[in-house]
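Commentary on secondary and tertiary structure
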Amino acid sequence: MENKVSRAFYDCSPALFRNIAASGFGVAKNYRRYRGMFRVWLNFFKAAQGWTEEQLHEFQNLQLREMVRKAFQEVPYYQDRFAKLGITAADIRSVQDLAKLPLLEKSDVIEAGTDLISRAWPIRKLRWYPTSGSTGTPLQVPRPYYIEQMEWAFLHARFYPSDVINSPYSSFTGLELIPPNQSKPPFWVDNWMNRQRMYSIFHMSTRNLPYYIKSLDSRYSHLYIGYPSAMYTIAKFMQERSFYLHRPPHYILTSSEELQPHYEDALLDAFGSNIRNRYGQNEFVGSITMYDCGHLHYDMDYSILEFLPVGHEDGAILAEVVGTNMHDTAWPLIRYRTGDLVVYNPDDHCAAGYPGQVIRRIHGRTGRYFELPDGSRITNISVIAKKCTNVKLMQVVQQEIGSILVRVVRAPGYSSKDEMNIFQQFRRKIGNSTNIDLEYVTDIERTTSGKFISIINEVAK
Ligand SMILES: [Zn+2]
């Protein structure tokens, strides 16, 4: 699927060929991820999970100093930028000193291009990965081989349950696996190398969903992994028909999107599985993982995160996530503004004793909130959506302060009573200062990478 010709060839091929192609890609992926430094990183992340918070702080400061020293010596972008600001490497001794440096915007990264790559790294040794660009400009991310191995080692050390190695699994991610106009199953592709069935998340219509469920029921998966909104779509469909799988998965691992409370409820009800969530980005500048204690923890051995307060939510701090990677010397991102938000209370502590700030909730990109005339922000409509009956999907669009448009995909049985209820639920949460318009749609468009965004803020743009 590397170019237009091979893409067209793949799209026109029968399912068997697609499985062979996917398995071939599987071999290549395994080769890139699991050799070289993989073992070293795996041992590192396993060991670091036993470190105390103090040890982690010490480690971060050490890594940061080394990172900054290299950035000042080898990365043209930082040399130029910091010289202008009159800052030297010696000024950055600890994580607290990071505040002396400016934030790095995504637009800065795009503009800087290869100037952000260390001169110590030959560019031909980097692999380029396109990011989704769900909130604007797509970004090409360069990765040295060892960083990809680091990422996979981290996932195996911290996120994946240990009993999933070589187990059959299913994935639901934004890959374009099936041509858009295909109307007959299979809407999935098998990667035999990894015992993985990859489902297309772009074909989940009411007409096609029974095929998905039949496939999930006839082929056991030890775990499901991928976008929570895609798995939620399946769970909701099953719930509506009171259908349950004969052998549901043991685990559901969610990432790349907000795991909203009503997604979690539906997944639990439909599958009864162990749900684990993780927050990360393609830029690999930060990680927050749900540990076995049930909390989301900031992974302090993975990178340095700063939480910059922007407001409050339910009595806790709402903060923007700013990340500094401390392992990637080829493409060092220092104080990179992810645009994502977290909710946390500094007083929250983990009873199991795991270090790293406990995070209560993670919200998508900064654009995903709407604003009330008094300036307060609503970052999440999950609580509202949960109470709306006979509704399949819901999205809020804000074009101007003082009004919102609520797009609704109705479920069977929807009536005027449900419509009234929607207004009531919104009024209860946001009061009377904002005008609410309702629009019925047959589906809600996803981003090009298949992500579902529950709030679109066109004012903030
Ligand atoms: Zn914990």
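Because the structure is a prediction, the values reported are computed rather than measured.

Let us look at the coordination of the zinc ion. Every protein donor of the zinc ion is listed here as Cys293 (SG), His295 (ND1), His297 (NE2) and Cys350 (SG), and their distances to the metal cover 2.1 to 2.3 Å. Around the zinc ion, the four donor atoms sit at angles spanning 103 to 119°, and that spread fits a shape best called tetrahedral. In terms of primary sequence, the donors binding the zinc ion are separated according to C-x1-H-x1-H-x52-C. Given a relative accessible area of 24%, His295 falls into the partly exposed group.

It is worth spelling out the sheet that holds strand β8 (residues 274-279) at this point. Across a sheet, strands are paired by hydrogen bonds formed along the backbone, either parallel or antiparallel in direction. Spatial strand order, β4-β5-β3-β6-β7-β8-β9-β10-β14: nine strands in an open sheet with mixed pairing. Lying at the two open borders of the sheet, with one neighbouring strand each, are β4 (188-191) and β14 (358-359). Contacting β4 and β5 (196-200), helix α2 (residues 15-34) runs over the sheet at an angle of about 50° to β4. Strand contacts of helix α8 (residues 209-218): β3 (169-173), β4, β5 and β6 (223-226), with the helix running at about 170° to β5, the strand carrying the most contacts.

What follows deals with the domain arrangement of the protein chain. Interface size is often expressed as the accessible area that is lost when the parts come together. Looking at the protein chain, the domain boundaries give domain 1 (4-34 + 162-249), domain 2 (38-155 + 281-365) and domain 3 (370-457). Each of domain 1 and domain 2 has a C-alpha centre, and the two are 31 Å apart.

Let us look at the pairing of β3. Across the five residues of β3, four count as buried, placing the element largely inside the fold. Pairing between β3 and β5: five bridges, direction parallel. Looking at β5, one finds that Tyr169 is bridged to Gln196. One ladder, built from four bridges, connects β3 with β6; its direction is parallel. The residue of β6 that forms the bridge with Tyr169 is Leu223.

A few words now on the side chain of Glu257. Mapping Glu257 onto the fold places it in the loop between β7 (251-254) and α10 (261-271). Taking the relative accessible area as the measure of exposure, Glu257 reaches 10% and is therefore buried. Polar side-chain contacts of Glu257 include one of 2.9 Å to the side chain of Ser229.

Attention now goes to a nonpolar patch on the surface. A contiguous nonpolar patch, built from Leu16, Ile20 and Trp192 and spanning about 330 Å² of accessible area, is present on the exposed surface. Within the secondary structure layout, Leu16 lies in helix α2. Classification of Leu16 by relative accessible area gives exposed; the value is 54%.

Here we take up the environment of Pro261. Secondary-structure assignment places Pro261 in helix α10. Residue classification places Pro261 among the partly exposed residues on the basis of a relative accessible area of 31%. For the pair formed by Pro261 and Arg361, sequence separation is 100 residues and the distance between their alpha carbons is 9.8 Å. Residues in contact with Pro261, not counting those within four places in the same chain, are Asn380, Ser382 and Lys386.

Attention now goes to the packing of aromatic side chains. Enumeration according to the criterion identifies 31 aromatic pairs in this entry. On the numbers, 5.1 Å between centres and 5° between planes, the contact of Phe172 with Tyr199 is stacked. With Phe172 in strand β3 and Tyr199 in strand β5, this residue pair connects regions lying 27 residues apart in the sequence. Judged on exposure class, the residue Phe172 and its partner Tyr199 are both buried. Centre to centre, the rings of Tyr414 and Tyr440 are 5.5 Å apart; their planes meet at 75°, and the pair counts as edge-to-face. Placement of the pair is Tyr414 in the loop between β19 (403-410) and α12 (416-430) and Tyr440 in strand β20 (residues 435-440), with a sequence separation of 26 residues. The exposure class assigned to Tyr414 is buried, which follows from its relative accessible area of 15%. Within the aromatic cluster, the residues linked to one another by ring pairs are Trp41, Phe44, Phe45, Trp51, Phe59, Trp121, Tyr145, Tyr146, Phe154 and Tyr302. Geometry around Tyr302 places Arg278 over its ring, the cationic atom sitting 5.5 Å from the centre. Positioned above the aromatic ring of Tyr440 is the side chain of Arg410, whose terminal nitrogen or guanidinium carbon lies 4.0 Å from the ring centre.

Cut-offs applied
- Within any chain, residue numbers begin from 1 and follow the written order of that chain's sequence.
- Local features are withheld for residues below a pLDDT of 70 in this predicted model, meaning they are given only at 70 or higher, and side-chain atom pairs are given and counted only at 80 or more; totals for whole chains, interfaces and linings count all residues.
- Hydrogens and water molecules were not included; the side-chain quantities draw on all heavy atoms of the structure.
- Note that water is not among the atoms used; donors are N, O and S atoms within 2.8 Å of the metal (3.2 Å for Na, K and Ca), so sites may look incomplete.
- Every angle between 85 and 135 degrees makes a four-donor site tetrahedral, while opposite donors more than 155 degrees apart, with all other angles between 65 and 115, make a four-donor site square planar and a six-donor site octahedral; other sites are irregular.
- The cut-offs for exposure are 20% and 50% of the maximum accessible area for each residue type, with area from a 1.4 Å probe on protein chains only; residues under the lower value are buried, those over the upper are exposed, and the others partly exposed.
- Here, any two strands with at least 2 DSSP bridges between them count as paired.
- Where helices and strands are cited, they refer to DSSP runs of H or I of at least four residues and of E of at least two residues respectively, numbered from the N terminus.
- Should any heavy atoms of two residues lie within 4.5 Å, those residues are considered in contact.
- For helices, the axis comes from a line fit to the C-alpha atoms of the stretch in contact; other axes are also lines fit to C-alpha atoms, and the angle between any two N-to-C directions lies between 0 and 180 degrees.
- Where each domain starts and ends follows an automatic or database-derived domain assignment.
- Identification of polar contacts relies on pairs of N or O atoms within 3.5 Å, with a donor-acceptor requirement for protein atoms, meaning one able to donate a hydrogen and the other able to accept it, and with residues adjacent in sequence counted only if both atoms are side-chain atoms.
- Exposure above 30% relative accessible area and no salt bridge define the residues that can form patches, which grow by joining like charges within 9 Å and nonpolar side chains of Val, Leu, Ile, Met, Phe, Trp and Tyr within 5 Å.
- A 1.4 Å probe and the Shrake-Rupley method give the accessible areas. Residues count as covered only by the protein chains that appear here.
- Salt bridge, as used here: a side-chain nitrogen of Lys or Arg that lies within 4 Å of a carboxyl oxygen of Asp or Glu.
- Between rings of Phe, Tyr and Trp, where Trp is taken as its six-membered ring, a pair exists when centres lie within 6.5 Å; planes separated by under 30 degrees are stacked, by over 60 edge-to-face, and by other angles tilted.
- Any Lys NZ or Arg CZ that is within 6 Å of a ring centre and within 35 degrees of that ring's normal is treated as a charge sitting over the ring.

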